[in-house]
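Residue strings, one per chain:
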Amino acid sequence: MRSLVLIALFSIPAVFCGGAASENGLYGPVSVSDYLTGRFDPAAHPLFVDLASLKIPSDGRKHYLRKEAATALHDLIAAFRKDHPKTEFFVRSSTRTFWDQKKIWEEKYNGATLVGGRDLSKSVRDPRARALEILRYSSMPGTSRHHWGTDVDINDLANRYFDRGDGKILYDWLRVNATRFGFCMPYTAGRKHGYREERWHWSYAPLSRQFTRQWLELSGKKIIISSKGVFAGSETCGDLAPQYVSSVSESCR
Ligand SMILES: [Zn+2]
């Protein structure tokens, strides 16, 4: 009888661990769903590191990544420097919290930030159509890979920058060498769904593959339910959020 009770107790866990501290070390002292939706402070998370401590060049703001991703990025930049000592390479965006992403999203949704030169709150009244416009390049809060501490934006947020000069040298080098350091480019050209091409966005795949899978398996449904009313336009996230999280290049899966 006692062993039956024990078996019963130990067979419950997976369903309930979303709200408790994660047990396997991958997420540190944060619940799985809080981690995957960026509801924690990377500066206070023991598995994260300030990129300045590794002398990783940046735009001057504070940047945090998972330690494994930061070390790999440090090594990648060192290798790039050997091949191209004079070509610039710096981080301009790294880990963003749910609240960072909510600000970015809502400023676009409410028209404070123009999208393609337009105030979407006036030019696109339908919530779903407006969300789709923003989703060309920006994620809904709770659905960004930048929540995970594995993804960075580098140098310039325009694909054309990578067509010539320093941008082209850097992009051509990354296409050949990034995988050696564990990095992949999630938003390649020619995918059927999801965000447009982003040549500036790179991801540390050994971790982000696991987070993608986990987001889709465990947290996706919770996120959709828990997001209702939490940000402007959240009523549209039901089918769009999982579609955008899952639509990444083959090399990032
Ligand atoms: Zn990005």
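See above for the structure.
Overview of the structure.

## Examining the overall build of the protein
- Scanning the protein from terminus to terminus reveals nine helices and six strands.
- Burial statistics for the protein: of 253 residues in total, 51% are counted as buried.
- Within the protein, contacts between residues at least 6 apart in sequence are counted, and of these 66% link residues at least 24 apart.

## Structural notes on the layout of surface pockets
- The computed volume of the largest pocket comes to approximately 770 Å³.
- Put simply, the parts of the chain that give the lining of the largest pocket at least two residues each are β3 (91-93), α4 (98-109) and α6 (127-134).
- For the lining of the largest pocket, the element with the most residues is α4, which contributes four residues.
- Classifying every residue of the lining of the largest pocket by side-chain character gives 10 nonpolar, 11 polar and 13 charged.

## Re the nonpolar core
- The biggest cluster of nonpolar side chains holds 64 residues, and the ones touching the most others in it are Y35, L73, L76, F89, L174, F183 and W202.
- For this core, the element with the highest residue contribution is helix α3 (residues 67-83), accounting for eight residues.
- Every residue in contact with W202, bar those within four places of it in the chain, is listed here: T150, D151, V152, I154, Y171, L174, R175, A178, F183, C184, M185 and P186.

## Some thoughts on the side chain of S139
- In this fold, S139 is placed in the loop between α6 and β4 (151-154).
- Engagement of the side chain of S139 in a polar contact is seen with the side chain of Y195, the distance being 2.8 Å.
- Here S139 is in contact with Q101, W105, S144 and Y195, once residues within four sequence places are set aside.

## Comments concerning the packing of aromatic side chains
- Taken as a whole and judged by the stated rule, the model has 19 aromatic pairs.
- Following the ring pairs from residue to residue traces out a cluster consisting of Y27, Y35, F40, F48, W148 and F211.
- Sitting above the plane of the Y109 ring, R130 keeps its charged end 4.4 Å from the centroid.

## Digging into the sheet that holds strand β6 (residues 201-204)
- Taken in spatial order, the four strands make up an open sheet running β3-β4-β6-β5, and their pairing is antiparallel. Looking along the sheet, the strands with just one partner apiece sit at the ends: β3 and β5 (183-184).
- Both β4 and β6 contribute to a ladder of three bridges, which runs antiparallel. Bridge pairing links D153 to H201 in β6.

Here is what the cut-offs are and how they apply
Residues numbered from 1 in each chain as written. Predicted model: local features only at pLDDT ≥ 70, side-chain atom pairs only at ≥ 80, totals over all residues. Heavy atoms only, no water. Helix = DSSP H or I, 4+ residues; strand = E, 2+ residues; numbered from the N terminus. Buried < 20%, exposed > 50% of the residue type's maximum accessible area, 1.4 Å probe, protein only. Contact = heavy atoms within 4.5 Å. 1 Å grid on protein atoms, 1.4 Å probe; cavity = no way out; pocket = protein on both sides within 12 Å on 5 of 7 lines; lining within 4 Å. Points joined across faces, edges and corners; volume = space filled by probe spheres on them. Nonpolar A, V, L, I, M, F, W, Y, C, P; charged D, E, K, R; others polar. Core = buried A, V, L, I, M, F, W, Y, C linked by side-chain atoms within 4.5 Å. Polar contact = N/O pair within 3.5 Å; in protein donor to acceptor, adjacent residues only side chain to side chain. Phe/Tyr/Trp six-rings, centres within 6.5 Å; stacked < 30°, edge-to-face > 60°. Lys NZ or Arg CZ within 6 Å of the ring centre and 35° of its normal. Pairing = 2+ DSSP bridges.

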